[in-house]
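Inside the fold
Chain by chain, the residues run as shown.
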Amino acid sequence: MTEATPAIRLWTPEGFREDGWVHADDAAALASNRRVILSLPAFLELDATQREGAKERLGVLLQPGDQLDAIVDLLDQLSLVALAFPAFNDGRSFSKAELLRSRHGFDGAVRATGQVLVDQLPHMLRVGFDEFEVSHPVLLKRLEAGNSGGLPLYYQPSAKAAEKPAKGAGYSWRRGAGN
């Protein structure tokens, strides 16, 4: 007998909430008027008129091997970018999240999907993720208890604008959780 896999729940730093987005494999899902996360190939098949008309309810899912450059010029037509973590040992989506926020100035939602694990969540928050599809039982229990983990001291600056230190701040190599 095997244990049932826990249902995927959406968590944000404000807590658990209902997920208004659905994952879809093709553009036909846009006809439903729901918020839709398309695979990269399906998103790229949309013409400019379709993307523009649905941009408030349009998201794209990038797999680790997908190139961020494929959507950079189209970020203004997206409300959400979902980045996949199909295995715990593939961190390419961390880099994509940081690049979306710092280099490309994407201010829409950046969501982590797949293997979102308890020890990775604090790092995901620091590089710019703000939504998480969580199914890992240990992480679900910790988040339900209000514990997102992490350490209060960092050596690197955060991709979040609110956590960037003031210009000229001393000891740039040593940052507390609030800077």
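Let me sum up the structure you'll find in this document.

Criteria and thresholds
- Residues numbered from 1 in each chain as written.
- Predicted model: local features only at pLDDT ≥ 70, side-chain atom pairs only at ≥ 80, totals over all residues.
- Heavy atoms only, no water.
- Helix = DSSP H or I, 4+ residues; strand = E, 2+ residues; numbered from the N terminus.
- Buried < 20%, exposed > 50% of the residue type's maximum accessible area, 1.4 Å probe, protein only.
- Pairing = 2+ DSSP bridges.
- Axes fitted to C-alpha atoms, helices over the stretch in contact; angles between N-to-C directions.
- Arc of directions from axis to C-beta.
- Contact = heavy atoms within 4.5 Å.

1. Thoughts on unusual backbone geometry
- Despite not being glycine, Asn33 has its phi angle at roughly 70 degrees, a positive value.
- Looking at the element boundaries, Asn33 is found in the loop between strand S3 (21-24) and strand S4 (35-39).
- The class for Asn33 is exposed, based on a relative accessible area of 61%.

2. Considering the environment of Pro137
- Tracing the chain through its elements places Pro137 in helix H6 (residues 137-144).
- Counting along the chain gives 130 residues from Pro137 to Ala7, while the straight-line C-alpha distance between them is 9.5 Å.

3. Topic: the sheet that holds S4
- Read across the sheet, eight strands follow the order S2-S1-S8-S7-S6-S5-S4-S3 without closing on themselves; strand pairing throughout is mixed. Each edge of the open sheet is held by one strand with a lone partner, namely strand S2 (15-17) and S3. Recorded for the sheet is a direction-independent mean angle of 30 degrees between the axes of neighbouring strands.
- Relative to strand S5 (residues 58-62), S4 runs parallel, the two being bridged by four bridges.

4. Details of H6
- Looking at H6, one finds that the buried residues are Leu139, Leu140 and Leu143. Projected down its long axis, H6 shows its buried positions confined to an angular sector of 100 degrees, all on one face.
- Where H6 is buried, its residues touch strand S1 (9-12), S2, helix H5 (121-127) and strand S8 (131-134).

Read these as geometric descriptors, not functional statements.
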